[in-house]
2 protein chains.
Amino acid sequence: MREARLDVALVHYPVVNRRGETIGSAITNLDLHDIARAGRTYGVGTYWVVTPFAEQRDLAARIIGHWTEGYGARANPDRGSALAIIRICSALDEAIAGMSADCGRRPLVVATSARCKGERLDFRDLRQRLAGGWPVLLLFGTAWGLAPELLERVDATLPAISGPGGYNHLSVRSAAAIVLDRLLAGPDRV
Amino acid sequence: MREARLDVALVHYPVVNRRGETIGSAITNLDLHDIARAGRTYGVGTYWVVTPFAEQRDLAARIIGHWTEGYGARANPDRGSALAIIRICSALDEAIAGMSADCGRRPLVVATSARCKGERLDFRDLRQRLAGGWPVLLLFGTAWGLAPELLERVDATLPAISGPGGYNHLSVRSAAAIVLDRLLAGPDRV
């Protein structure tokens with residue numbers, strides 16, 4: 001059996017704003033750190049940071065460089081080992097192509113969303129796919145979430161994370177941490 | 001059976017720095033937002049923000065006020081409803097006293113830590129206590145974690161969150177989201 005390979009992509013375009021309009025969002029320092037640390041904890045292969053804006057890609061590269069090669073690498077090597085799993089790219093297709101090259105096959109592209117597109121998977125289903133050796137690319141949207149034109153292109157959708165009440169406004173950092181825990185924590189998760 | 005009551009306390013003092021020395025840490029805007037949003041999602045009673053520094057308590061109160069009463073409350077009411085679960089206090093004893101007054105009994109005070117103090121509980125055990133009506137106050141430490149002198153005073157310890165590898169450096173925002181999901185998501189969590 002192949003080893004499970006799960007990558008994460010944080011999408012800054014196309015996403016929607018609170019009025020449902022398609023926008024590009026800005027890179028956020030703590031999105032890089034928190035999701036890289038969670039990814040490193042749970043054995044994520046690559047954390048793809050997706051933005052079409054060249055200046056934003058440069059900014060992300062400078063932040064990552066500080067922790068992987070600069071002063072931060074010496075002061076806090078644990079942080080560098082988390083940020084080292086990041087790869088910056090300009091569009092989702094680049095992440096899919098990069099992961100396909102790494103794995104020798106196209107990954108299953110899975111969104112987390114209240115709006116179901118593609119196959120509906122629950123967390124148990126997706127754990128079984130991973131255990132069976134399917135590479136999986138999990139998409140997370142910044143701002144108010146992935147835009148409809150991107151959701152049209154995913155292979156499957158996980159249910160939105162919700163608690164006992166109707167409130168459903170987690171930060172993308174929290175949602176990513178919870179989804180990785182549900183998929184990858186294994187028997188420790190009890 | 002009583003309804004489960006779980007509160008969260010984010011402790012800024014006493015915590016340790018990377019050298020294990022006891023320090024007080026600064027309030028972080030995103031710690032307020034992310035943990036309040038996760039708390040609101042999972043039905044947390046009160047999110048206690050604990051700092052002995054009066055200026056830091058004023059800063060937190062101004063941030064919260066912006067979203068619960070100021071411009072933010074009109075622009076983004078979902079955010080206000082999350083930040084409204086925050087209560088600012090100067091020491092852990094204040095949080096314990098406040099929660100005791102709300103619940104009519106002292107809560108079980110539980111830390112998440114690799115260093116076990118008090119009774120060792122796993123997540124299943126703590127879910128059973130909550131289901132049985134025990135009020136629970138969950139402590140999270142900022143910086144490099146809760147200081148030993150505070151861990152000496154807890155009733156119980158949950159295991160540290162870890163994935164398949166040895167890396168164990170989640171942000172406190174991610175750790176809080178995962179712990180709340182494990183304790184409170186219910187059957188949706190599969």
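Model, not experiment: these values are computed from the prediction.

(A) Structural context of the sheet that holds strand β1 (residues 5-11) of chain A. All names here are of chain A. An order of β5-β4-β1-β8-β6-β9-β7 is seen for the 7 strands of this open sheet, with the pairing classed as parallel. Single-partner strands in this sheet number two, and they are β5 (86-89) and β7 (119-120). Contacting β1, β4 (47-50) and β5, helix α1 (residues 29-42) runs over the sheet at an angle of about 160 degrees to β4. The sheet contacts of helix α8 (residues 172-184) involve β1, β6 (108-112), β8 (135-141) and β9 (156-158), and relative to β8 the element is tilted by about 155 degrees.

(B) Quick look at the pairing of β4(A). Residues and elements named next belong to chain A. Alternating residues of β4 divide into Tyr 47 and Val 49 and Trp 48 and Val 50, and every residue in both groups is buried. For β4 and β5, the ladder comprises 4 bridges, and the chain directions are parallel. Along β5, the bridge assignment pairs Tyr 47 with Ile 86.

(C) Structural view of the packing of helix α1 (residues 29-42) of chain B against helix α2 (residues 54-68) of chain B. Residue and element names in this part refer to chain B. Here α1 crosses α2 at 50 degrees, and the two axes come no closer than 10 Å. When the axes of α1 and α2 are compared, the pair comes out oblique. Both α1 and α2 take part in a crossing whose hand is right-handed. On α2, the residues that touch Asn 29, Leu 32 and His 33 of α1 are Ala 60, Ile 63 and Trp 67.

(D) Fine view of the sheet that holds strand β5 (residues 86-89) of chain B. All names here are of chain B. Here we have 7 strands laid out as an open sheet, ordered β5-β4-β1-β8-β6-β9-β7, and parallel in their pairing. Either end of the sheet is taken by a strand with one partner, and the two such strands are β5 and β7 (119-120). Sheet strands in contact with helix α5 (residues 92-103) are β1 (5-11), β4 (47-50), β5, β6 (108-112) and β8 (135-141), and its direction is about 160 degrees off that of β8.

(E) The interface of chain A and chain B, seen in detail. On the side of chain B, 38 residues touch chain A, which itself brings 38 residues to the contact. When the two sides are added together, the surface that chain A and chain B hide from each other amounts to roughly 3,500 Å², 48% of it contributed by carbon and sulfur. One can count 4 salt bridges joining chain A with chain B. The salt bridge partner of B:Asp181 is A:Arg182, with a shortest N-O separation of 2.6 Å. Applying the counting rule to chain A against chain B returns 16 residue pairs in polar contact (both at pLDDT 80 or more). Put simply, the parts of the chain that give the side of chain A that touches chain B at least two residues each are α1, α4 (77-83), α6 (123-131) and α8 of chain A. Looking at the side of chain A that touches chain B residue by residue, the classes come out as 16 nonpolar, 9 polar and 13 charged.

(F) Highlighting the relation of the copies chain A and chain B. When chain A is brought onto chain B, the operation consists of a screw motion whose angular component is 180 degrees and whose axial shift is 0.0 Å, with 0.0 Å RMSD remaining. What the rotation and shift describe, once combined, is the action of a two-fold rotation axis.

(G) Seen up close, the packing of α1(A) against helix α8 (residues 172-184) of chain B. The interhelical angle for the contact between α1(A) and α8(B), taken along N-to-C directions, is 55 degrees, at an axis separation of 10 Å. Classified by the interaxial angle, the pair formed by α1(A) and α8(B) is oblique. Listed contacts from α8(B) to A:Leu30, A:Asp34 and A:Tyr42 of α1(A) are B:Arg173, B:Ser174, B:Ile178 and B:Arg182. Classifying every residue of the contact of α1(A) with α8(B) gives 3 nonpolar, 1 polar and 3 charged.

(H) Molecular detail of unusual backbone geometry. All names here are of chain A. With an omega of -5 degrees, the peptide bond running from Tyr 13 to Pro 14 counts as cis. Looking at where Pro 14 falls in the secondary structure, it is placed in the loop between β1 and β2 (15-16). For Ala 143, which is not a glycine, the phi torsion comes out positive at approximately 50 degrees. Note on placement: Ala 143 falls in the loop between β8 and α7 (148-151).

Analysis parameters
- Residues numbered from 1 in each chain as written.
- Chains lettered and ligands numbered in written order.
- Predicted model: local features only at pLDDT ≥ 70, side-chain atom pairs only at ≥ 80, totals over all residues.
- Heavy atoms only, no water.
- Pairing = 2+ DSSP bridges.
- Helix = DSSP H or I, 4+ residues; strand = E, 2+ residues; numbered from the N terminus.
- Contact = heavy atoms within 4.5 Å.
- Axes fitted to C-alpha atoms, helices over the stretch in contact; angles between N-to-C directions.
- Buried < 20%, exposed > 50% of the residue type's maximum accessible area, 1.4 Å probe, protein only.
- Parallel < 35°, antiparallel > 145°, perpendicular 65-115°, else oblique.
- Left-handed = near helix turned anticlockwise from the far one by under 90°.
- Buried area = accessible area lost by both parts, 1.4 Å probe.
- Salt bridge = Lys/Arg side-chain N within 4 Å of Asp/Glu carboxyl O.
- Polar contact = N/O pair within 3.5 Å; in protein donor to acceptor, adjacent residues only side chain to side chain.
- Nonpolar A, V, L, I, M, F, W, Y, C, P; charged D, E, K, R; others polar.
- Least-squares fit on C-alpha atoms with pLDDT ≥ 70 in both.

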